[in-house]
Every structure is written in structure tokens, then in C-alpha cells.
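Residue-level structural notes
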Amino acid sequence: MLDVSADSLLHLLPSVDSLMPVLKSFKGRLNCEASAMTQIDTNMNLVFPSMEGVVRMTGTDLHFNDCKEIRKLGRLLLFKNPRRATVDTLLVEGLLKDNSLEIFPFLLKMDRWTLA
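A brief look at the structure comes next. Just so we're clear, the structure is a prediction, and the values are computed from it rather than from any experiment. (Residues numbered from 1 in each chain as written. Predicted model: local features only at pLDDT ≥ 70, side-chain atom pairs only at ≥ 80, totals over all residues. Heavy atoms only, no water.)

**What about the overall build of the protein chain?**
Looking only at helices and strands, the protein chain features three helices and seven strands. Since a compact globule built from 116 residues should have a radius of gyration of about 13 Å, the 17 Å found for the protein chain marks it as more spread out than a globular shape. Seen through its principal axes, the protein chain has C-alpha atoms that stretch 60 × 25 × 20 Å. Within the protein chain, buried positions represent 25% of all 116 residues. The long-range fraction of contacts in the protein chain, counting pairs at least 24 apart against all pairs at least 6 apart in sequence, stands at 53%. For the protein chain, the accessible surface area stands at approximately 8000 Å², while carbon and sulfur atoms represent 56% of it. (Helix = DSSP H or I, 4+ residues; strand = E, 2+ residues; numbered from the N terminus. Rg over C-alpha atoms; globule rule 2.2 N^0.38 Å. Buried < 20%, exposed > 50% of the residue type's maximum accessible area, 1.4 Å probe, protein only. Contact = heavy atoms within 4.5 Å. Areas by Shrake-Rupley, 256 points an atom, 1.4 Å probe, with all protein chains shown as cover.)

Structure (C-alpha cells):
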């Protein structure tokens, strides 16, 4: 999925909300990529416990929805503009294996800082 809004992504895939609750706070566009393989049964249905794959989500020029904690962090870290909570880039990667999805620590680039 290319250039999808964070709100639309949560409506399309509600399970993402429980994996990454921080997405509720974002406004902007995200790119999502997934690659997986799985077994299929005789009726051509996917056998989800056998699924293995990788997931990547990227975003640029994201804004936080009126998040006081991020603004407080901006003042603490001496952002150039602490009132404007903007994420320059976001990179989230995960691994799908053994019927579970493992999200790795993700990167946020804000102002002059890179946060994990």
C-alpha cells in the first residue's frame, strides 16, 4: 500500500492498532510493504499458522495530533520549532513467524534527533 493515511490504515487493518498504538497519534501518509509465504489446504484456503514473512512501514512528513508529551520532549531536546511536532521519517519493521508478529524497535527522525 502506497501513500495511505494513518487513519485509513487503522480502519483497513484494525489489528495494527494493538501492535502499534502510537499510530493513532499520527497524521500523514504511510507506505506499507509485506511479503509472506504460507501453505494452502486442498480448498485453497490459507493456513495462517504456517505463514512466515516480513513487514515494513515507512512514513515521511508525519504530524502528531496535539500530543502534549511530544511538545514537552521538543522543548527538552531543544527542537528548532518545539511547537511543531513533526516526524521527518518513520521506519518500522517486523517479522511474521510461528503464528506471531514481532515488531522490532522502530526509528523516528524528528528535527535533529533520531529516536528508537
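**Some points on the environment of Val22**
Examined against the element boundaries, Val22 turns out to sit in the loop between helix 2 (15-19) and strand 2 (26-40). With a relative accessible area of 28%, Val22 lands in the partly exposed category. Measuring from C-alpha to C-alpha, the distance between Val22 and Gly59 comes to 13 Å, with 37 residues separating the pair along the chain.

**Focus: the layout of surface pockets**
As a volume, the largest pocket reaches approximately 440 Å³. Along the wall of the largest pocket there are 25 residues; nearest its centre are Leu13, Val16, Leu19, Val55 and Leu101. Residue contributions to the lining of the largest pocket peak at six residues, all from strand 3 (residues 46-64). Of the residues in the lining of the largest pocket, the class split is 17 nonpolar, five polar and three charged. (1 Å grid on protein atoms, 1.4 Å probe; cavity = no way out; pocket = protein on both sides within 12 Å on 5 of 7 lines; lining within 4 Å. Points joined across faces, edges and corners; volume = space filled by probe spheres on them. Nonpolar A, V, L, I, M, F, W, Y, C, P; charged D, E, K, R; others polar.)

**Examining the pattern of salt bridges**
Overall, the coordinates contain one salt bridge when judged by the stated rule. Residues Glu93 and Arg56 are paired through a salt bridge, measuring 2.4 Å at the closest nitrogen-oxygen approach. Residue Glu93 is found in strand 4 (residues 86-97), and its partner Arg56 is found in strand 3; the two are separated by 37 residues along the sequence. By relative accessible area, Glu93 is classed as partly exposed at 30%. Assessed through its relative accessible area of 37%, Arg56 is described here as partly exposed. (Salt bridge = Lys/Arg side-chain N within 4 Å of Asp/Glu carboxyl O.)

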